[in-house]
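Now for the letters of each chain:
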Amino acid sequence: MPVVESRCVIPVEVAVAFAVSQTQGAIRKRWDPFIRRQHLVGGATVPGKGVRTSTVQRFGFAMESEYVSYNPPSNVGMKMTKGSWFFERMGGGWRFSEAEGQPGHTLAVWRYNFTCRPKWLAPLAERIGVLVLQRDIDRRIVGFARGCSDPVVLAHVAGRTAA
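My aim in this report is to walk through the structure given alongside it, one point at a time. Position labels on residues start from 1 in each chain and follow its written sequence. A pLDDT threshold of at least 70 governs which residues receive local features in this predicted model, and a stricter bar of 80 or more applies before side-chain atom pairs are shown or counted, although totals over entire chains, interfaces and linings include all residues. Excluding hydrogens and water, the side-chain figures rest on all heavy atoms present in the structure.

1. Brief notes about the nonpolar core
Step number 1: One finds Phe-96, Trp-110, Tyr-112 and Phe-144 to be the most contacted residues of the largest nonpolar core, which totals 32 residues.
Step number 2: Taken together, the elements giving at least two residues each to this core come down to strand E1 (3-10), helix H1 (14-21), helix H2 (25-31), strand E5 (75-82), strand E6 (87-98), strand E7 (106-116), helix H3 (122-147) and helix H4 (151-162).
Step number 3: In what follows, residue pairs with any heavy atoms lying within 4.5 Å of each other are defined as contacts. Not counting residues up to four positions away in its chain, the partners in contact with Trp-110 are Val-4, Glu-5, Ser-6, Trp-31, Gly-93, Trp-94, Arg-95, Phe-96, Ile-137, Arg-140, Ile-141 and Phe-144. The nonpolar core is taken to be a set of buried Ala, Val, Leu, Ile, Met, Phe, Trp, Tyr and Cys residues, with the residues joined through side-chain atoms within 4.5 Å. Here's how the labels work: a residue is buried when its accessible area is under 20% of the maximum for its type, exposed when over 50%, partly exposed in between, all with a 1.4 Å probe on protein chains only. What counts as a helix is a DSSP run of H or I of at least four residues, what counts as a strand is a run of E of at least two, and both are numbered from the N terminus.

Here's what the structure looks like:
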(Lines give C-alpha, C1' and ligand atoms only; values in the text may rest on other atoms or scores of the structure.)
Protein backbone atom coordinates (compact mmCIF):
# COMPACT_ATOMS: atom_id res chain seq x y z
CA MET A 1 0.00 0.00 0.00
CA PRO A 2 1.62 3.30 -1.04
CA VAL A 3 2.16 5.93 1.65
CA VAL A 4 2.86 9.63 1.21
CA GLU A 5 3.85 12.01 3.97
CA SER A 6 4.44 15.72 4.32
CA ARG A 7 5.56 17.66 7.37
CA CYS A 8 6.29 21.20 8.44
CA VAL A 9 6.97 23.27 11.53
CA ILE A 10 4.53 26.10 12.19
CA PRO A 11 5.08 28.99 14.63
CA VAL A 12 1.84 28.47 16.59
CA GLU A 13 0.86 26.35 19.60
CA VAL A 14 -0.35 22.80 18.96
CA ALA A 15 -3.97 23.62 19.91
CA VAL A 16 -4.07 26.49 17.42
CA ALA A 17 -2.59 24.37 14.62
CA PHE A 18 -5.13 21.63 15.31
CA ALA A 19 -8.01 24.14 15.34
CA VAL A 20 -6.90 25.63 12.01
CA SER A 21 -6.73 22.14 10.49
CA GLN A 22 -10.37 21.52 11.40
CA THR A 23 -11.87 24.71 9.98
CA GLN A 24 -14.72 24.45 7.51
CA GLY A 25 -16.34 26.57 4.80
CA ALA A 26 -14.92 29.90 3.69
CA ILE A 27 -12.26 29.87 6.42
CA ARG A 28 -11.00 26.48 5.20
CA LYS A 29 -10.86 27.73 1.61
CA ARG A 30 -8.58 30.59 2.70
CA TRP A 31 -5.77 28.11 3.32
CA ASP A 32 -6.60 24.75 1.70
CA PRO A 33 -5.70 24.70 -2.03
CA PHE A 34 -6.91 21.10 -2.36
CA ILE A 35 -10.62 21.72 -1.95
CA ARG A 36 -13.21 23.27 -4.19
CA ARG A 37 -16.01 22.48 -1.72
CA GLN A 38 -16.11 20.70 1.61
CA HIS A 39 -18.78 20.25 4.25
CA LEU A 40 -19.83 17.94 7.05
CA VAL A 41 -22.71 15.59 6.20
CA GLY A 42 -25.45 13.78 8.07
CA GLY A 43 -26.44 16.81 10.16
CA ALA A 44 -23.06 17.13 11.88
CA THR A 45 -22.06 20.66 12.81
CA VAL A 46 -18.59 19.94 14.21
CA PRO A 47 -15.94 17.36 13.33
CA GLY A 48 -15.62 14.26 15.50
CA LYS A 49 -15.15 10.50 15.41
CA GLY A 50 -17.78 8.95 13.14
CA VAL A 51 -18.59 12.27 11.42
CA ARG A 52 -18.55 12.20 7.64
CA THR A 53 -17.22 14.89 5.33
CA SER A 54 -18.02 15.50 1.67
CA THR A 55 -15.10 16.91 -0.29
CA VAL A 56 -14.83 18.00 -3.90
CA GLN A 57 -11.21 18.62 -4.78
CA ARG A 58 -10.01 21.32 -7.14
CA PHE A 59 -10.25 19.13 -10.29
CA GLY A 60 -13.79 18.05 -9.43
CA PHE A 61 -13.12 14.59 -7.95
CA ALA A 62 -15.53 13.94 -5.09
CA MET A 63 -15.22 11.74 -2.07
CA GLU A 64 -16.88 11.16 1.24
CA SER A 65 -14.70 10.37 4.21
CA GLU A 66 -15.30 9.49 7.83
CA TYR A 67 -13.30 10.48 10.88
CA VAL A 68 -12.02 7.22 12.40
CA SER A 69 -10.23 9.13 15.15
CA TYR A 70 -10.53 12.63 16.52
CA ASN A 71 -8.21 13.48 19.41
CA PRO A 72 -7.76 17.25 19.84
CA PRO A 73 -5.20 18.70 19.79
CA SER A 74 -2.92 15.84 18.78
CA ASN A 75 -4.41 13.95 15.81
CA VAL A 76 -7.21 13.06 13.46
CA GLY A 77 -7.64 10.08 11.17
CA MET A 78 -9.97 9.51 8.25
CA LYS A 79 -10.94 6.85 5.76
CA MET A 80 -12.67 7.22 2.44
CA THR A 81 -16.18 5.76 2.45
CA LYS A 82 -17.15 6.81 -1.09
CA GLY A 83 -14.89 8.10 -3.79
CA SER A 84 -13.45 8.06 -7.23
CA TRP A 85 -13.58 4.77 -9.08
CA PHE A 86 -9.79 4.41 -9.16
CA PHE A 87 -9.32 4.34 -5.36
CA GLU A 88 -10.01 0.99 -3.78
CA ARG A 89 -9.07 2.40 -0.36
CA MET A 90 -7.75 5.67 0.97
CA GLY A 91 -6.99 6.84 4.47
CA GLY A 92 -5.03 9.53 6.16
CA GLY A 93 -3.95 10.96 9.44
CA TRP A 94 -2.82 14.35 10.60
CA ARG A 95 -0.64 14.59 13.72
CA PHE A 96 0.31 17.68 15.67
CA SER A 97 2.99 17.85 18.35
CA GLU A 98 5.28 20.42 19.89
CA ALA A 99 8.30 20.89 17.65
CA GLU A 100 11.39 19.61 19.44
CA GLY A 101 13.52 22.44 20.76
CA GLN A 102 11.09 25.08 19.51
CA PRO A 103 8.62 26.09 22.22
CA GLY A 104 5.42 27.56 20.82
CA HIS A 105 5.94 25.79 17.48
CA THR A 106 4.06 22.79 16.12
CA LEU A 107 5.30 19.92 14.02
CA ALA A 108 2.49 18.92 11.64
CA VAL A 109 2.83 15.51 9.99
CA TRP A 110 0.23 14.48 7.41
CA ARG A 111 0.30 10.92 6.11
CA TYR A 112 -1.95 9.23 3.55
CA ASN A 113 -2.17 5.67 2.23
CA PHE A 114 -4.16 4.28 -0.65
CA THR A 115 -4.65 1.44 -3.08
CA CYS A 116 -5.88 1.73 -6.63
CA ARG A 117 -8.08 -0.40 -8.85
CA PRO A 118 -8.45 -2.25 -11.09
CA LYS A 119 -5.83 -4.69 -9.79
CA TRP A 120 -4.14 -5.13 -13.18
CA LEU A 121 -3.56 -1.37 -13.42
CA ALA A 122 -2.74 -0.78 -9.73
CA PRO A 123 1.08 -1.09 -9.98
CA LEU A 124 1.28 1.73 -12.52
CA ALA A 125 -1.63 3.76 -11.10
CA GLU A 126 -0.14 3.66 -7.62
CA ARG A 127 3.27 4.89 -8.82
CA ILE A 128 1.56 7.80 -10.55
CA GLY A 129 -0.73 8.28 -7.56
CA VAL A 130 2.23 8.66 -5.21
CA LEU A 131 3.64 11.47 -7.37
CA VAL A 132 0.32 13.29 -7.72
CA LEU A 133 -0.77 12.84 -4.11
CA GLN A 134 2.65 13.84 -2.77
CA ARG A 135 2.54 17.05 -4.78
CA ASP A 136 -1.01 17.78 -3.55
CA ILE A 137 -0.16 17.09 0.10
CA ASP A 138 2.99 19.19 -0.06
CA ARG A 139 0.96 22.09 -1.52
CA ARG A 140 -1.77 21.54 1.03
CA ILE A 141 0.53 21.60 4.07
CA VAL A 142 2.22 24.77 2.75
CA GLY A 143 -1.27 26.29 2.51
CA PHE A 144 -1.98 25.10 6.04
CA ALA A 145 1.19 26.84 7.28
CA ARG A 146 0.01 30.04 5.56
CA GLY A 147 -3.39 29.61 7.21
CA CYS A 148 -1.70 29.39 10.60
CA SER A 149 -0.36 32.91 10.03
CA ASP A 150 -3.51 34.36 8.38
CA PRO A 151 -5.07 36.90 10.79
CA VAL A 152 -8.60 36.07 9.59
CA VAL A 153 -8.13 32.33 10.14
CA LEU A 154 -6.48 32.88 13.52
CA ALA A 155 -9.26 35.24 14.66
CA HIS A 156 -11.83 32.62 13.61
CA VAL A 157 -10.20 29.81 15.58
CA ALA A 158 -9.57 32.10 18.57
CA GLY A 159 -13.29 32.90 18.62
CA ARG A 160 -14.23 29.24 18.42
CA THR A 161 -11.85 28.08 21.13
CA ALA A 162 -12.95 30.91 23.43
CA ALA A 163 -16.65 30.11 22.94
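2. With respect to H1
Step number 1: Most of H1 is tucked away, with six of its eight residues classed as buried.
Step number 2: Inspection of H1 places Val-14, Ala-17, Phe-18, Ala-19, Val-20 and Ser-21 among the buried residues, and these make up the whole buried set.

3. Comments concerning the state of the cysteines
Step number 1: Any cysteine sulfur atom paired with another within 2.5 Å is treated as part of a disulfide. A full pass over the atoms with the stated rule returns zero disulfides.
Step number 2: Considering cysteine sulfurs only, Cys-148 is the nearest to Cys-8, which forms no disulfide, with 7.6 Å between them.
Step number 3: Accessibility expressed as a relative area gives 3% for Cys-148, which makes it buried.

4. A few points about the sheet that holds E7
Step number 1: Strands are labelled as partners when DSSP assigns at least two bridges between them. A sheet is described by the order of its strands in space; here seven strands give the open sequence E1-E7-E6-E5-E4-E3-E2, paired in antiparallel fashion. In the strand order of this sheet, the two ends are held by E1 and strand E2 (35-41), each with one partner. Strand-to-strand, the axes of this sheet are offset by a mean angle of 20°, without reference to chain direction.
Step number 2: With five bridges joining them, E5 and E6 adopt antiparallel strand pairing. If you follow Met-78 over to E6, its bridge partner there is Gly-92.
Step number 3: In this analysis an axis means a line fitted to C-alpha atoms, helices contributing only their contacting stretch, and an angle means the value between N-to-C directions, from 0 to 180 degrees. Across the sheet, H1 touches strand E4 (62-71), E5, E6 and E7, and the angle it forms with E6 is around 150°.
Step number 4: Lying over the sheet, H3 contacts E1, E2, strand E3 (52-57), E6 and E7, oriented at roughly 155° with respect to E7.

5. Focus on unusual backbone geometry
Step number 1: The step from Pro-72 to Pro-73 runs through a cis peptide bond, and the omega angle for that step is -5°.
Step number 2: Take Pro-73: it is sitting in the loop between E4 and E5.
Step number 3: Residue Pro-118 is reached from Arg-117 by a cis peptide bond, and omega for that bond is 0°.
Step number 4: Relative to the assigned elements, Pro-118 resides in the loop between E7 and H3.

6. Quick word on the pairing of E4
Step number 1: As defined by bridge partners, E3 adjoins E4 across five bridges and the pair is classed as antiparallel. Across the sheet, residue Ser-54 finds its bridge partner in E4, namely Glu-64.
Step number 2: Two successive antiparallel strands, E3 and E4, enclose a turn made up of four residues, where Gly-60 displays a positive phi of approximately 100°.
Step number 3: Linkage of E4 to E5, two consecutive antiparallel strands, is achieved through a turn of three residues.

Geometric values such as these leave the question of function open.
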